[in-house]
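This is what each chain is made of:
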Amino acid sequence: MRALIVEKDDEGKTSASVHEIDESRLPEGEVTVAVEYSTVNYKDGLCIGPGGGLVRNYPHVPGIDFAGTVEASDDDRYKPGDKVVLTGWRVGEAHWGGYGEKARVKADWLVPLPEGLSTRQAMAVGTAGFTAMLAVMALEKHGLTPGQGPVLVTGASGGVGSVATAILAKLGYEVAGVTGRPESADYLKDLGATQIVPREEIAETVKRPLESETWAGCVDAVGGAMLARVLGQMKYGGSVAAVGLAGGAGLPATVVPFLLRGVNLLGIDSVMQPYDNRLEAWTRIASDLPMEKLEAMIQPATLEDLPQLGADILKGQVRGRVVVDVNA
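This write-up is about the structure you can find in this document. (Residues numbered from 1 in each chain as written. Predicted model: local features only at pLDDT ≥ 70, side-chain atom pairs only at ≥ 80, totals over all residues. Heavy atoms only, no water.)

1. Thoughts on the sheet that holds strand β13 (residues 264–267)
Our working definition: Each pair of strands is called paired provided DSSP finds at least two bridges between the two strands. Strands are runs of DSSP state E lasting at least two residues, helices are runs of H or I lasting at least four, and both sets are numbered from the N terminus onward. Structural elements are reduced to axes, namely lines fitted to C-alpha atoms, with helices fitted over the stretch in contact, and the angle between N-to-C directions of any two is expressed from 0 to 180 degrees.
One open sheet accounts for six strands, arranged β10-β9-β8-β11-β12-β13; its pairing is parallel. Each having just a single partner strand, β10 (195–198) and β13 make up the two edges of the open sheet. Taken pair by pair, the neighbouring strands of this sheet meet at an average axis angle of 20°, ignoring direction. Two elements, strand β9 (residues 175–179) and β10, share four bridges in a ladder whose sense is parallel.

2. Looking at the packing of helix α2 (residues 119–141) against helix α3 (residues 159–170)
Heads up, the rule is: An angle counts as roughly parallel when it lies under 35 degrees, as roughly antiparallel when it exceeds 145, as roughly perpendicular when it falls between 65 and 115, and as oblique in every other case. Should the near helix be turned counterclockwise from the far one by less than a right angle, the crossing is left-handed, whereas a clockwise turn marks it as right-handed. We call two residues contacting when some pair of their heavy atoms lies within 4.5 Å. Amino acid classes used here: Ala, Val, Leu, Ile, Met, Phe, Trp, Tyr, Cys and Pro are nonpolar; Asp, Glu, Lys and Arg are charged; the rest, including Gly, are polar.
With their axes 8 Å apart at the nearest point, α2 and α3 run at an angle of 50° to one another. By the criterion of interaxial angle, the relationship of α2 to α3 is oblique. When you trace α2 past α3, the crossing you get is right-handed. On α3, the residues touching A128, G129, A132, M133 and V136 of α2 are G159, V160, V163, A164, I167 and L168. Its residues assigned to classes, the contact of α2 with α3 comprises nine nonpolar, two polar and no charged.

3. Let's talk about the packing of aromatic side chains
We apply this condition: Stacked, edge-to-face and tilted are the three classes for Phe, Tyr and Trp ring pairs, Trp counted by its six-membered ring, which pair at centre distances within 6.5 Å; planes under 30 degrees apart are stacked, over 60 edge-to-face, the rest tilted. Whether a residue is buried, partly exposed or exposed follows from its accessible area with a 1.4 Å probe, protein chains only, as a fraction of its type maximum: under 20%, in between, or over 50%, in that order. In this scheme, Lys NZ or Arg CZ marks a charge over a ring once it lies within 6 Å of the ring centre and within 35 degrees of the ring normal.
Applying the stated rule across the entire model yields one aromatic pair. On the basis of an interplanar angle of 15° and a centroid distance of 5.9 Å, the ring pair of F130 and W282 is categorised as stacked. Taken as a pair, F130 in helix α2 and W282 in helix α7 (residues 275–288) lie far apart in primary sequence, 152 residues in all. Taking relative accessible area as the criterion, F130 reaches 0% and is therefore assigned buried. Note on W282: relative accessible area 2%, which makes it buried. The ring centre of Y187 lies 4.2 Å from the NZ or CZ of R319, which sits over that ring.

4. Looking at helix α5 (residues 224–231)
A large share of α5 lies buried, amounting to seven of its eight residues. Close packing links the buried residues of α5 with β8 (151–153), β9, β11 (215–220), β12 (234–242), α6 (256–261) and β13.

5. Here we look at the pairing of strand β5 (residues 83–87)
A large share of β5 lies buried, amounting to four of its five residues. Pairing geometry for strand β4 (residues 65–73) and β5, over five bridges, is antiparallel. Opposite T69, over in β5, you have K83 as the bridge partner. In terms of strand pairing, β5 meets strand β7 (residues 111–112) through two bridges, oriented antiparallel. Of the residues in β7, the one forming a bridge with V84 is P112.

6. Looking at the environment of A216
Within the secondary structure, A216 sits in strand β11. Placed 16 residues apart in sequence, A216 and G232 show a C-alpha to C-alpha distance of 12 Å. Sequence-distant contacts of A216, defined by excluding residues within four places in its chain, comprise L144, Q148, G149, P150, M234, K235, G238 and S239.

7. A closer look at the pattern of salt bridges
Note the following rule: One speaks of a salt bridge when a side-chain nitrogen belonging to Lys or Arg is within 4 Å of a carboxyl oxygen belonging to Asp or Glu.
Under the defined criterion, the tally for this structure stands at 17 salt bridges. Linking E23 and K102 is a salt bridge whose minimum nitrogen-to-oxygen distance equals 2.9 Å. With E23 in the loop between β2 (14–20) and β3 (31–39) and K102 in strand β6 (residues 102–105), the pair connects residues that are 79 residues apart, well separated along the chain. For E23, a relative accessible area of 27% translates into the label partly exposed. The residue D108 makes a salt bridge to R77 at a minimum N-O spacing of 2.6 Å. One end of the pair, D108, is in the loop between β6 and β7; the other, R77, is in the loop between β4 and β5, with 31 residues separating them in the sequence. According to the relative accessible area criterion, R77 is partly exposed, its value standing at 49%. Where salt bridges share partners, they join E23, E71, K102 and R104 into one cluster.

Right, here's the structure in full:
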C-alpha cells in the first residue's frame, strides 16, 4: 500500500514523502478500511510538518479524516463493502490516519456513510464541515432561528467557515462573512453570504465592553481579539459557537456581555463527540448542506501534494476544502 510517511531525524527535523509500505505495519484495530478520500485540516498541516505536539511516535501516517469501504471487520456493526467515514478520535495524530490506501481503526470511531453522500463529498465536508454542522446545531439549540438578524461567520473562507456559510444560507439565515482576503468576497457570496466584513474592521479589541447589538449568532473560527470583540457586539441572548483559534488562544474579553446581555459562549469539540451526536450531525449535513455549493469549495489533491498543502494551510493559504484522492 502507498502512504504518506512522516519521519523525524536525530536532530528533531521532520520530513514527509510517499512510500510503499507493507499492510502488516498498520496499527491494531477491529476494522480495516480501503481508503478512497481524505482531506487537509489545520491539524493535518501540523502533523505533516513540525507535529505541533500532536504526533507521539515516528514514522507516522497523518490524516485525521478519511472515507472509504470496509475491507475486513472483526465487529458485527460493519461488514466488507460498507461505506464508512471517520473524523476525530486523535486518528492521524496518535493513531495512523487516512493518508494511505488502507487504514485500520477501532469500530467505535467509524460512522456509516449517510444516505445521499459519496465518500468524495464526505471528505469535502471532513472535520471542518462536521465541526461547522455541530456549531450550527448548538446555535439552534440555544434559540437561534432565521429572521433574528445576521449571523456572523469569522474565518469565513476557511474550511469550517465555508461550510458554515453554505449551511446557514440554505437554512434561511442572513450570513455575514469575515475575511482578510478581499479576493474571497465573490466566493463567499456564491456560498450564500449576504454581507462581507473586512477582517480589519473587527480584529482589534476596543475599550468598550459592549458595542451596538449587531449579530444574532456567530460561528467563530478565529478566537483571540476578534472573538472578544464579537462578544461585545452580540444581540441580547445571542450565542457564539467557538470552533477554532486561528487568531490566538487568548481571550482579552470581559464578562460584561454575559452579565448584561445574556450572551452565550458555546465550545465546539469535534474530536470526542459521542456516536449519536456524530450520526445526527452527518445526517443533517446530508440534508442541509447544498451539494452544488460543496462542489464549489473543492480543491482536488493527491498524496504527493500533501507536504506542500500541509505547509500552505498553516500559513492560511488554503481556501475551501481540499479533497485528497489517495489512490490517484
